[in-house]
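Geometric and topological summary
The primary structure of each chain is shown beneath.
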Amino acid sequence: QVQLVESGGGLVQAGGSLRLSCAASGRTFSMYTMGWFRQAPGKEREFVAQINWSDSSTYYGDSVKGRFTISRDNAKNTVYLQMGSLKPEDTAVYYCAARPLTNVLIRSRGGWNYWGQGTQVTVSS
């Protein structure tokens, strides 16, 4: 099993920045594609970003392109989500996700094997 623990959430004003971290435990972290999703009240879980296991290519949801950056540090078994130019509509619980050995972009929740507990991000106007 892979265990994922998110941190770094909090309250920030619109236009501000925040960095989320996801610490992973389990075998061969570097062989896992990692992702971030978010879920706002009354909405389904939304794809935010993905970083591939093999080439570190990145993908982003349309709503966060140009504002968010996903990165990983395999030596630390950690994936990050740097969020900038935050908007009130970014308010959500943010979840870290993982799946092994695939570089295919998967936006659906069902395509991911492991999930963290989530961390709350609240953006005030």
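Summary of the structure given here.

**Some points on empty space enclosed by the protein**
According to the stated counting rule, one finds one cavity of 30 Å³ or more in the structure shown. Within this model, the largest cavity holds a volume of roughly 30 Å³. What lines the largest cavity is simply Val-2, Ala-24, Ser-25, Gly-26, Arg-27, Phe-29 and Tyr-32. In the lining of the largest cavity, the residues fall into four nonpolar, two polar and one charged.

**Thoughts on the packing of aromatic side chains**
Within the structure shown, the criterion is met by four aromatic pairs. Ring centres 5.6 Å apart and planes at 75° place the aromatic pair Phe-37 and Phe-47 in the edge-to-face group. One end of the pair, Phe-37, is in strand 4 (residues 32-39); the other, Phe-47, is in strand 5 (residues 46-51), and 10 residues separate them in sequence. Here Phe-37 and Phe-47 have matching classes, each one buried. Through successive ring pairs, a cluster of aromatic residues spans Phe-37, Phe-47, Trp-112 and Trp-115.

**Examining the state of the cysteines**
Enumeration over the complete set of coordinates arrives at one disulfide. With its sulfur 2.1 Å from that of its partner, Cys-22 forms a disulfide with Cys-96. Classification of the bridge connecting Cys-22 and Cys-96 rests on its S-S torsion, roughly -85°, and on that basis the disulfide is left-handed. With Cys-22 in strand 3 (residues 18-25) and Cys-96 in strand 9 (residues 92-100), this pair connects stretches of sequence that are 74 residues apart.

**Re the pattern of salt bridges**
Where side chains of opposite charge bring their charged atoms close, a pairing between them can arise. Scanning the entire structure with this criterion turns up four salt bridges. Across the pair Asp-90 and Arg-38 runs a salt bridge, and its minimum N-O distance is 2.9 Å. Residue Asp-90 is located in the loop between strand 8 (78-83) and strand 9, and its partner Arg-38 is located in strand 4; the two are separated by 52 residues in the primary sequence. Accessibility classification places Asp-90 together with Arg-38 in one group, the buried group. Among the ionic pairs, Asp-62 bridges to Lys-65, the shortest N-O distance being 3.1 Å. Of the residues examined, Asp-62 reaches a relative accessible area of 62% and is grouped as exposed. For Lys-65, a relative accessible area of 49% corresponds to the partly exposed category. A cluster of three or more residues bridged by salt bridges with shared partners is formed by Arg-38, Glu-46, Arg-67 and Asp-90.

**Looking at the side chain of Thr-119**
Note that Thr-119 resides in strand 11 (residues 119-124). The class of Thr-119 is buried, set by a relative accessible area of 11%. Of note is the side chain of Thr-119, whose polar atom sits 3.3 Å from the backbone nitrogen of Gly-9. Residues within four places of Thr-119 in sequence aside, it is in contact with Glu-6, Ser-7, Gly-8, Gly-9, Leu-20, Ala-92, Val-93 and Tyr-94.

**Examining the pairing of strand 8**
With five of six residues buried, strand 8 is to be regarded as a mostly interior element. Sheet analysis places strand 3 next to strand 8, joined by six bridges and oriented antiparallel. Paired with Leu-20 across the two strands is Leu-81, which belongs to strand 8. When strand 7 (residues 68-73) meets strand 8, the two strands line up antiparallel, connected through six bridges. Across the sheet, the residue bridging to Asp-73 is Thr-78, located in strand 8. What sits between strand 7 and strand 8 in their antiparallel hairpin is a turn of four residues, with Asn-77 showing a positive phi close to 55°.

Cut-offs used in this document
- Residues numbered from 1 in each chain as written.
- Predicted model: local features only at pLDDT ≥ 70, side-chain atom pairs only at ≥ 80, totals over all residues.
- Heavy atoms only, no water.
- 1 Å grid on protein atoms, 1.4 Å probe; cavity = no way out; pocket = protein on both sides within 12 Å on 5 of 7 lines; lining within 4 Å.
- Points joined across faces, edges and corners; volume = space filled by probe spheres on them.
- Nonpolar A, V, L, I, M, F, W, Y, C, P; charged D, E, K, R; others polar.
- Phe/Tyr/Trp six-rings, centres within 6.5 Å; stacked < 30°, edge-to-face > 60°.
- Helix = DSSP H or I, 4+ residues; strand = E, 2+ residues; numbered from the N terminus.
- Buried < 20%, exposed > 50% of the residue type's maximum accessible area, 1.4 Å probe, protein only.
- Disulfide = S-S within 2.5 Å.
- Salt bridge = Lys/Arg side-chain N within 4 Å of Asp/Glu carboxyl O.
- Polar contact = N/O pair within 3.5 Å; in protein donor to acceptor, adjacent residues only side chain to side chain.
- Contact = heavy atoms within 4.5 Å.
- Pairing = 2+ DSSP bridges.

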